[in-house]
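Residue strings, one per chain:
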Amino acid sequence: MRSVGNHATRQVNIFKRRFVRTSDAEFTIRISDEERDLLDHLVPQLRELLMSTAPTGEVDPMTRRLFPTAYNQDAEDDATYQEQKRDRLLVSRLESLEILETTSRATTLSVEELDAWANAINQLRLVLGTRLDVGEDDETTDMDPDDPDNAPLATYHYLSHLLGEILDVRMR
């Protein structure tokens, strides 16, 4: 089939990019108020979960992907690692959430702010994916509308897509 008229000479992009690089140091954000509301709703929940993380010992199963085990075969070495690193990881994660929260209504972001968004959105995605027991090979093609996990699963996939858009614009 052959395109006819003006459509043959120009490419039509039906998908609007949510993040656009406007300079070497700045990005424009084009997400809806509903998307911003969702992020504003999720960030405090994750912050509360993170704040319940002890500096040593077992972590909440929901956050296990945010505080990974370094030494699977040696509990003593892993405990030492966790004592040395968990606080730094926690501070870094909380800082990213804070930046996302304070810039969620912004129309432009610096490189550092966009990187914090990527970090925070990935945290949200990892915790939600853990809750839903989502694997890397899980497909989204058959979402059952009667499944009570439908909304959280849709949110997980939305966050994954949003993260992908951020990473894509950062690599350009």
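In case you missed it, the structure is sitting above this.
Residues numbered from 1 in each chain as written. Predicted model: local features only at pLDDT ≥ 70, side-chain atom pairs only at ≥ 80, totals over all residues. Heavy atoms only, no water.

What is the right way to look at the packing of helix α2 (residues 75-103) against helix α3 (residues 111-132) in this model?
How two helices pack is summed up by the angle between their axes together with the distance between the axes. Direction vectors running N to C along α2 and α3 enclose 110 degrees, while the axes themselves pass 8 Å from each other. As summarised for this structure, α2 and α3 are arranged roughly perpendicular, according to the angle between their axes. Crossing of α2 against α3: the hand is left-handed. Within the contact between the two elements, α2 uses Arg 93, Ser 96, Leu 97, Ile 99, Leu 100 and Thr 103 and α3 uses Glu 113, Ala 116, Trp 117, Asn 119, Ala 120, Ile 121, Gln 123 and Leu 124. Within the contact of α2 with α3, the residues separate by chemical class into 8 nonpolar, 4 polar and 2 charged. (Axes fitted to C-alpha atoms, helices over the stretch in contact; angles between N-to-C directions. Helix = DSSP H or I, 4+ residues; strand = E, 2+ residues; numbered from the N terminus. Parallel < 35°, antiparallel > 145°, perpendicular 65-115°, else oblique. Left-handed = near helix turned anticlockwise from the far one by under 90°. Contact = heavy atoms within 4.5 Å. Nonpolar A, V, L, I, M, F, W, Y, C, P; charged D, E, K, R; others polar.)

Help me understand the pairing of strand β1 (residues 19-23) in this model?
Two faces, one strand: in a regular strand the side chains alternate between the faces of the sheet. In this sheet, strand β2 (residues 26-29) lies alongside β1 in antiparallel orientation, the contact comprising 4 bridges. Looking at the pairing, Arg 21 lines up with Phe 27 of β2. Here β1 folds back onto β2 in antiparallel fashion, the turn holding 2 residues. (Pairing = 2+ DSSP bridges.)

Explain helix α1 (residues 33-51) here, please?
Given 3.6 residues to a turn, an α-helix orients residues that are three or four positions apart in the same direction. Over its 19 residues, α1 runs 27 Å from end to end, which matches the ideal 27 Å to within 8%, given 1.5 Å per residue. When α1 is considered as a whole, its buried residues turn out to be Glu 35, Arg 36, Leu 39, Leu 42, Val 43, Leu 46, Leu 49 and Leu 50. Summarising the axial view, the buried residues of α1 lie within an arc of 140 degrees, below the 170-degree limit, and thus occupy one face. The outward face of α1, more than 90 degrees from its buried face, is lined by the exposed residues Asp 33, Glu 34, His 41, Glu 48 and Met 51. Contact partners of the buried residues in α1: β2, α2, α3 and α4 (150-171). (Expected span 1.5 Å × (residues − 1). Buried < 20%, exposed > 50% of the residue type's maximum accessible area, 1.4 Å probe, protein only. Arc of directions from axis to C-beta.)

Quick question: what am I supposed to make of the nonpolar core here?
Grouped burial of nonpolar side chains is what soluble globular proteins tend to show. Phe 19, Leu 39, Trp 117 and Ile 121 are the most contacted members of the largest nonpolar core, which totals 37 residues. Elements with a minimum of two residues in this core: β2, α1, α2, α3 and α4. Looking at which element gives the most residues to this core, the answer is α3, with 11 residues. (Core = buried A, V, L, I, M, F, W, Y, C linked by side-chain atoms within 4.5 Å.)

Functional significance is not addressed by these values, which are geometric in nature.
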